[in-house]
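Chain by chain, the residues run as shown.
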Amino acid sequence: MSWLDSLLSEELRGAPPTELVRYRVIVGAACFLMGLTTLFILSNVRTPLRALPGIFTNLGFIVTLLVARKARAPLLPALLLVGTMSAGVVATIFSSRSPGSSVHVTTMLLPALAVYLLGQRWGLLVTLILALLFMVAHPLYLLHVGIVRVDPATTLWSSHLFGALAFIGAWWLFSLSTTARDAAQTSLERTLKVLRESEGKLSSVIESTDDIVVSLDPQGRVITANQAAKRMYTKRRGMPLEEGQTLLPEQGTDRATLWQQRMAQALRGERLRIEEEHTFGDRHLVLDINISPIIGEGGQPAGLTIFGRDITARKEAESRLGEMHRNLVDASRQAGMAEVATGVLHNVGNTLNSVNVSASIITDRLRQSRLNSLAKLTQLLRQHSADFTSFLSRDPQGQKIPSFLIALSDQLQEEREFVLEEMSSLTGSVDHIKSIVSMQQKHARAAGAVEEVAVPQLIDEALRLHAVSFERQGIRIERDYASVPPILVDRHKLLQILINLFSNARHALVDSQKPDKRLTLHVHPAPGGKRLLIEVEDNGTGISPEHVARLFTQGFTTKKEGHGFGLHISALAATEMKGRLTCSSPGPGQGATFTLELPLEPEASSP
């Protein structure tokens, strides 16, 4: 084909493949027909008159080739070729004076070439002209010159009539074939154009991503790979990745065996998602890899695709997030311990005030006691021990001693009762301090351990830590405890949540300035009987609707001196216990209700 292309101009050589074939036919037919004409000339070298049309025909073919070498469009060389060929055939037929030469089979080549090279309209024009020349003018010429007689003229006209019909029929059949071929070619080109556009878009999408995209055949050879995959392969292997190359690791290694197993699974129609770690020098890389089969004819896998995404940054972020969560949990435990310790110290401090008051009263009473008078009486009796009887009976002072002892006994009895009463109060305060400290120690030891907890009892213990504050602020506690079974939870986490909720409720009630401050506690099973609801309801300052959605966000607070930490930690603790902490409020000034939802029975762990 290269020698045919060398006969075409540069513009014609750059035509689409389907058009290039037509241009090659022009120069190829010109060369072929020029060779046949040359043989015709040589065979008639003794009769120059018969060879003369062949000489002019060859000149036309040469001109056709010269024009095709310079032409920018195919119409002129095609017209020259068809015109030269038609002129040569006409000249040959008329010069031969043979009755059947015009219906020779070689004339059928003319309508075929005319339709193929010039199209249907130009081909029809050429066919009609030639039909008139071959089937009408040629018989008249034969009759005129007397080559045929009148008797066989009927046979002559009938044969030429059928030849004309066959000539036009050849044009029609070849036109149908050309039309069908052109339609099919147009459809094919349109489909190929859409396919190329789709491939271009797909390639653009694949190349625009930093993810690794590779498609393999069933033997693990590369069909396509984007630039990200090629760069990764070059870094990994130190060589470029090319189509047809095997992507699998080195044979005989554990990774190669593993990947062969994965490919076998994918070729069976399974989809795989795995994570792989790679090390390039001092860089650690984690890839999220998806392996999917390519479904071919009959629904059978014909290969597979591999998509790899660099998730190193995400893994590092997850690691940092996990570390932050652990630190946050530790901080929450510290905050819970601090909250408990603050409550303990607060209540212990209030109780110590009572202890101090009782001790001061006892001390003052002992200072004012009549025991000093008894000491003076003892001293007086020692002075009169020699005449004790005479002193009691005759001395005025001695005569007062019996009545003095009676009065002193009554007073000392009264002081004893008073001191015992104060000591009982003092002992009660000390016992209260001991119970507070003991409860705090019990919860501290239980931190992190899951145990069976009676919820109403734990709520009352949490309330006890705020009891003095509630009493001083005039907050009335209302309890609505349904009969619920003990649940298995982390006692420390639950106590931490309750203390935080009670503390927030106390602040809301104090800030509300309402005379009737009320804190209502509800404990009951949720609908369905599988969850437990603990509701802490107050009639305090309430919460704005726009704040409810952000209430459990870290750092968000509505308090002037708040840190936005307590409710966030409480929500995390509830989630860790497979529960949920929510809040609802009708609006500012209308109170709020915090609901802690916990499972009544331990949830089955995932396998």
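Presented here is a report on the structure given in the accompanying data block. In this text, all values refer to a predicted model and were calculated from it rather than measured experimentally. (Residues numbered from 1 in each chain as written. Predicted model: local features only at pLDDT ≥ 70, side-chain atom pairs only at ≥ 80, totals over all residues. Heavy atoms only, no water.)

1. Some thoughts on the environment of methionine 135
Now for step 1: With respect to the helices, strands and loops of the structure, methionine 135 is situated in helix 7 (residues 120-145).
Now for step 2: Relative accessible area serves as the criterion here: at 5%, methionine 135 is assigned to the buried category.
Now for step 3: Between the C-alpha atom of methionine 135 and that of alanine 164, which follows or precedes it by 29 residues, the distance is 5.7 Å. (Helix = DSSP H or I, 4+ residues; strand = E, 2+ residues; numbered from the N terminus. Buried < 20%, exposed > 50% of the residue type's maximum accessible area, 1.4 Å probe, protein only.)

2. Comments concerning the pattern of salt bridges
Now for step 1: The final tally for this structure, using the stated rule, is 17 salt bridges.
Now for step 2: The salt bridge involving arginine 476 is made with aspartate 516; its shortest N-O contact spans 3.2 Å. Placement of the pair is arginine 476 in strand 7 (residues 475-481) and aspartate 516 in the loop between helix 17 (491-512) and strand 9 (517-525), with a sequence separation of 40 residues.
Now for step 3: Salt bridges here are not isolated pairs; linked through shared partners, they connect Glu275, Arg314, Lys315 and Glu318. (Salt bridge = Lys/Arg side-chain N within 4 Å of Asp/Glu carboxyl O.)

3. Focus on the side chain of aspartate 538
Now for step 1: Within the element layout of this structure, aspartate 538 appears in strand 10 (residues 531-538).
Now for step 2: Lacking a salt bridge, the buried aspartate 538 has lysine 514 as its closest oppositely charged neighbour, with an N-O distance of 7.5 Å.
Now for step 3: In this structure the side chain of aspartate 538 is engaged in a polar contact, spanning 2.8 Å, whose partner is the backbone nitrogen of glycine 540.
Now for step 4: The residues touching aspartate 538, leaving out its near neighbours within four places in the chain, are Ala505, Ala508, Leu509, Arg518, Leu519, Gly591 and Ala592. (Lys, Arg positive; Asp, Glu negative; His and termini not counted. Polar contact = N/O pair within 3.5 Å; in protein donor to acceptor, adjacent residues only side chain to side chain. Contact = heavy atoms within 4.5 Å.)

4. Points about the packing of aromatic side chains
Now for step 1: Using the criterion set out here, one finds one aromatic pair in the structure.
Now for step 2: Geometrically, the ring pair formed by phenylalanine 552 and phenylalanine 594 is edge-to-face, given 6.5 Å between the ring centres and 90° between the ring planes. One end of the pair, phenylalanine 552, is in the loop between helix 18 (545-548) and helix 19 (566-576); the other, phenylalanine 594, is in strand 12 (residues 592-599), with 42 residues separating them in the sequence. The burial state of phenylalanine 552 is the same as that of phenylalanine 594; both residues are buried.
Now for step 3: Above the plane of the ring of tryptophan 259 lies arginine 262, whose end atom (NZ or CZ) is 5.2 Å from the centre. (Phe/Tyr/Trp six-rings, centres within 6.5 Å; stacked < 30°, edge-to-face > 60°. Lys NZ or Arg CZ within 6 Å of the ring centre and 35° of its normal.)

5. Digging into the pairing of strand 9
Now for step 1: With seven bridges joining them, strand 7 and strand 9 adopt parallel strand pairing. Its bridge partner lying in strand 9, tyrosine 481 is registered against valine 523.
Now for step 2: Across seven bridges, the pairing between strand 9 and strand 10 is antiparallel. Residue pairing across strands places leucine 521 opposite valine 536, the latter belonging to strand 10. (Pairing = 2+ DSSP bridges.)

6. Some points on the sheet that holds strand 10
Now for step 1: Spatially, five strands are ordered 7-9-10-12-11 in an open sheet, and the strand pairing comes out mixed. Single-partner strands in this sheet number two, and they are strand 7 and strand 11 (580-584). Sheet twist, expressed as the average angle between the axes of neighbouring strands with direction ignored, equals 15°. (Axes fitted to C-alpha atoms, helices over the stretch in contact; angles between N-to-C directions.)

7. Some words on the packing of helix 17 against helix 19
A pair of packed helices can be characterised by two numbers: the angle between their axes and the separation between those axes.
Now for step 1: Where helix 17 contacts helix 19, the two axes come as close as 9 Å, and the packing angle between them is 145°. Where helix 17 crosses over helix 19, the handedness of that crossing is left-handed. Residue-level inspection shows Lys493, Gln496, Ile497, Asn500, Leu501 and Asn504 of helix 17 in contact with helix 19, the latter providing Gly566, Leu567, Ile569, Ser570, Ala573, Ala574 and Glu576.
Now for step 2: Residue composition of the contact of helix 17 with helix 19, grouped by class: six nonpolar, five polar and two charged. (Left-handed = near helix turned anticlockwise from the far one by under 90°. Nonpolar A, V, L, I, M, F, W, Y, C, P; charged D, E, K, R; others polar.)

8. Points about the pairing of strand 5 (residues 301-310)
Now for step 1: The pairing of strand 1 (residues 212-216) with strand 5 spans five bridges and is antiparallel. Among the inter-strand pairings, leucine 216 is bridged to a residue of strand 5, identified as leucine 304.
Now for step 2: Where strand 4 (residues 283-295) lies against strand 5, nine bridges are found, and the strand directions are antiparallel. The partner of asparagine 290 across the bridge, within strand 5, is phenylalanine 307.

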